Each structure stands twice: as structure tokens, then as C-alpha cells.
Amino acid sequence: MTKYEHAALKIDSEGSALIIDPGVFTSPLPDLRDVVGVVLTHEHPDHWTPAHLDRILAARPGTPIYAPEGVAKAAAGYEITVVKPGDTVELAPFTLKFFGGDHAVIHESIPMIDNVGVLVNDEFYYPGDSYAVPKHTKVQLLAAPVGAPWLKIGDAIDFVLAVSPRAVFATHDMTLSQAGLGMGRERLKWAVEQVGGELVELNPGDSTEL
């Protein structure tokens, strides 16, 4: 699993790759010829852009894109396979399970949108912009958001405690200063250590094994 800027992630397995949430804060992704699928958790532009999708589709025409209904509407002109909480998609070598349904509340004045968290191969979980907890699974690696207009670090701590992963790393972090990112990582470190896990510090371009 490789972390890129902000919320963009790439998971490599058996010569194939899955891309998750490449948005406006993410530089053009390298090595797209092995991409077999894309997951977009919701419609906000920090999680997808037409430019990223165009690059992926140019490298691998016909690559399936999985996303909730809101993305299908926002990304008119792209072929989107709509997914919702409870769905499972087999995309060899990846099994994708979707959770949640709603974006975290930013403010009562801002309309709610849909959001799905994705569990990959029953090992890696990323919630998108939510604290949706994947049920009935032992997560090996958790991507935990640490910086957002909707985020309070106490809620992120509770999210890590609820998921109880073997390891966690901070994501959704491009709106933070280095000091803020360090503070967020320290809070995640405390939380994951309470459940016997560890913090993995990943900067853009860094990878970790599952």
C-alpha cells in the first residue's frame, strides 16, 4: 500500500493495482499501466478529479470505477459502477467491501452527501470522509483521516479504538501544517497502542506491506 498526497492511495497485489481517491491535492500518479480498478469514496474534489481519471483511463482503457451515486452524478460522462454499503465487488486479485453511506457532518448549513468506506481483501480499510466502522473483520491496516473541516481529533481517536487495527497511518492530511500533522499522528499513535497496534508514519510516496 502506497500513500500519495492527501487521500490518494495505491494498493499493489500480484502485478495489479487499485487506486483510491486521487483528488485536487494529489500530484499525477506514476505507474498506471497495472491499474485494474478505481474506488472513489465520494464526490468532493479532494477525492477525485477528471484529470486523474483521464490519466488512468488513458493508461488502462476501460478500467472500472466504483463509487456511490453522488459521484456518478458529479462525474457525468464517465462510466461509474455505483456501489453502496453492504456491496461486495470481486476484482481479482482484490475483494472490495463497502461500508458507511454518509459523509461526516461538516455543518448543518451544508447538504449531506453519500460516502462509502472500502475494505480491501479483508485487511486494509479506508473510511473516506467518515468514521464508518467495518463490522465483523480484523483490520490489519487502517487509513485514518487526521485533517478536515468535519474532523475533531477526539472522534478520530475513537474511530481507531473502535476499529482496533493492527496498524494505522494518517491520511487526509494536506490541509495540515507539519506541526498539525505531527500532533495528529501522536494522537493516532496513542489510540492504536491502546489496542495493541502500531502507528506507521507514511509521507507521500511511502509504502508499507500488508
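Before reading on, note that the structure itself is shown above.
Every value quoted in this text rests on a predicted model; they were computed, and no experiment measured them. (Residues numbered from 1 in each chain as written. Predicted model: local features only at pLDDT ≥ 70, side-chain atom pairs only at ≥ 80, totals over all residues. Heavy atoms only, no water.)

**Q** What's the story with the pattern of salt bridges in this structure? I'm lost.
**A** When the charged atoms of two side chains with opposite charge come close together, those side chains can pair. A full pass over the atoms with the stated rule returns eight salt bridges. Ionic pairing is found between Lys 97 and Asp 122, a salt bridge with its closest N-O pair at 3.0 Å. Note that Lys 97 is positioned in strand 8 (residues 94-102) and Asp 122 in the loop between strand 9 (114-120) and strand 10 (124-126), a separation of 25 residues in sequence. Since its relative accessible area comes to 27%, Lys 97 is described here as partly exposed. Connected via shared salt-bridge partners are Lys 10, Asp 12 and Asp 34. (Salt bridge = Lys/Arg side-chain N within 4 Å of Asp/Glu carboxyl O. Helix = DSSP H or I, 4+ residues; strand = E, 2+ residues; numbered from the N terminus. Buried < 20%, exposed > 50% of the residue type's maximum accessible area, 1.4 Å probe, protein only.)

**Q** Quick question: what am I supposed to make of the sheet that holds strand 9 here?
**A** Adjacent strands of a sheet pair through backbone hydrogen bonds, lying either parallel or antiparallel. Pairing is mixed in the open sheet, where seven strands are placed in the order 7-8-9-10-11-12-13. Of all the strands in the sheet, the pair left with one neighbour each is strand 7 (88-91) and strand 13 (198-199). Taken together, the two bridges between strand 12 (residues 167-171) and strand 13 define a ladder with parallel strand orientation. Residue pairing in the sheet places Ala 167 in a bridge with Glu 198 of strand 13. Packed on one face of the sheet, helix 3 (residues 153-163) meets strand 10, strand 11 (141-145) and strand 12 and runs near 165 degrees to strand 11. Strands strand 11, strand 12 and strand 13 of the sheet are contacted by helix 4 (residues 178-194), whose axis makes an angle of about 160 degrees with strand 12. (Pairing = 2+ DSSP bridges. Contact = heavy atoms within 4.5 Å. Axes fitted to C-alpha atoms, helices over the stretch in contact; angles between N-to-C directions.)

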